[in-house]
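Each chain, written out:
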Amino acid sequence: MITPAILENSFDNVCFQLDRYVEVAKRVQIDLVKWKPTGTEELPHWDIYDFEFDLLGQSDMDTLEKVKDLGAAFVVWHLNDKVTAKGAHEYCREYEMQMAICGDVENVLKEIDNCDYVQLMGIDHVGFQGQAFREGVIDDIKKVCQNSDKNIQIDGAMNEETIKRCVDVGATQFAVGSALKNTLDVVSTYRKLKNIVHS
């Protein structure tokens, strides 16, 4: 699965990017780095998209409640000391949201029972697009596959070459930012990436 990843600094810019992907994707990931929702916004295309929110450094119960109110179907929870993954996962289940956990692979494996799927980072610094591919994610994917049958999503530095490499070792879902944002032909680029996942 290819999921367009949206990392913008305002609600208007988030909406602009949602308009761009409406003809190709059924699921989009909105990264909460620069734009911080109040919970009162109304996202466009709610009847088309399954919204996934990557909470990043805002992985707390207050933000989780706000994205639930925005219509989240999926949430990426970054492991932290504020709230346990178990507590967040129970909340998500109560409101019929699926939750991924994200963090260093050893911590992910410790919490593997407290999620529906896993997100691993293909970059070193979360919250910034346009970075180089993190080679270590290949070994991270293999470790998760050896210990779990949960779907693995990779976020960061995803393009034709890196998606193929990640598919070959067991990843099945990809959050794609720059490769889609910077293309002039969203439909063609999305189809190329999707074909790599399904080839």
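Only a predicted model underlies this, so the values are computations on that prediction, with no experimental measurement involved.

1. Considering the packing of helix α5 (residues 136-147) against helix α6 (residues 160-169)
Packing of α5 against α6 brings their axes to within 9 Å, and their N-to-C directions diverge by 25°. The angle between α5 and α6 places the two elements in the roughly parallel class. In this structure, α5 meets α6 at a crossing whose hand is right-handed. Here Val137, Ile138, Ile141, Lys142 and Cys145 of α5 lie close against α6, whose contacting residues are Arg165, Cys166 and Val169.

2. Section: the pairing of strand β7 (residues 152-155)
Along β7, one buried face is formed by Ile152 and Ile154 and the opposite face, lined by Gln153 and Asp155, is buried too. Of the pairings in the sheet, the one linking strand β6 (residues 117-121) to β7 comprises four bridges and is parallel in character. Residue pairing for β7: Leu120 is matched across the bridge by Ile154. At this point the chain moves from β6, through α5, to the parallel β7, and the crossover so formed is right-handed. Here β7 pairs with strand β8 (residues 173-176) via three bridges, running parallel. Each bridged residue has a counterpart across the sheet, and for Gln153 the counterpart in β8 is Gln173. Running through α6, the crossover from β7 to the neighbouring parallel element β8 is right-handed.

3. Structural notes on unusual backbone geometry
The phi torsion at Glu96 lies on the positive side, around 55°, for a residue other than glycine. Structurally, Glu96 is set in the loop between α3 (85-94) and β5 (98-102). Not every positive phi belongs to a glycine, and Ala157 is a case in point at roughly 60°. Topologically, Ala157 is positioned in the loop between β7 and α6.

4. Section: the side chain of Gln153
Looking at the element boundaries, Gln153 is found in strand β7. Of the polar contacts made by the side chain of Gln153, one reaches the side chain of Glu52; its length is 3.3 Å. Looking at Gln153, its side chain comes within polar contact range of the side chain of Gln119, at 2.7 Å.

5. So, the layout of surface pockets
In this structure, the largest pocket encloses a volume near 260 Å³. Together, 25 residues line the largest pocket, and Phe128, Gln129, Gly130, Gly156 and Ala157 are the ones closest to its centre. When grouped by side-chain class, the residues that make up the lining of the largest pocket number 13 nonpolar, nine polar and three charged.

6. Concerning the sheet that holds β8
The parallel closed barrel is built from eight strands, whose spatial order is β1-β2-β3-β4-β5-β6-β7-β8. Averaged over neighbouring strand pairs, the angle between their axes works out to 25° when direction is ignored. Bridge count for strand β2 (residues 27-31) against strand β3 (residues 50-54) is five bridges, and the pairing is parallel. Note that in β3 the partner of Arg27 across the bridge is Asp50. Sheet strands touched by helix α1 (residues 11-21): β1 (2-6), β2 and β3. Its angle to β1, the strand with the most contacts, is close to 155°. The sheet strands contacting α6 are β1, β7 and β8, and the helix crosses β8 at an angle near 160°.

7. Observations regarding the environment of Leu18
Looking at where Leu18 falls in the secondary structure, it is placed in helix α1. On a C-alpha basis, the gap between Leu18 and Lys34 in space is 16 Å, while along the polypeptide they are 16 residues apart. With near-sequence residues (within four places) excluded, Leu18 lies in contact with Ile6, Val28, Leu43, Pro44, His45, Tyr49 and Phe51.

8. Side note on empty space enclosed by the protein
Counted under the stated rule, the structure contains one cavity of 30 Å³ or more. Estimated volume of the largest cavity: approximately 30 Å³. Among the elements of the structure, β1 and α1 are those that each provide at least two residues to the lining of the largest cavity. For the lining of the largest cavity, the per-class residue count stands at four nonpolar, two polar and two charged.

Quick notes on the rules
Residues numbered from 1 in each chain as written. Predicted model: local features only at pLDDT ≥ 70, side-chain atom pairs only at ≥ 80, totals over all residues. Heavy atoms only, no water. Axes fitted to C-alpha atoms, helices over the stretch in contact; angles between N-to-C directions. Helix = DSSP H or I, 4+ residues; strand = E, 2+ residues; numbered from the N terminus. Parallel < 35°, antiparallel > 145°, perpendicular 65-115°, else oblique. Left-handed = near helix turned anticlockwise from the far one by under 90°. Contact = heavy atoms within 4.5 Å. Buried < 20%, exposed > 50% of the residue type's maximum accessible area, 1.4 Å probe, protein only. Pairing = 2+ DSSP bridges. Right-handed = clockwise from strand over helix to strand, strands pointing away. Polar contact = N/O pair within 3.5 Å; in protein donor to acceptor, adjacent residues only side chain to side chain. 1 Å grid on protein atoms, 1.4 Å probe; cavity = no way out; pocket = protein on both sides within 12 Å on 5 of 7 lines; lining within 4 Å. Points joined across faces, edges and corners; volume = space filled by probe spheres on them. Nonpolar A, V, L, I, M, F, W, Y, C, P; charged D, E, K, R; others polar.

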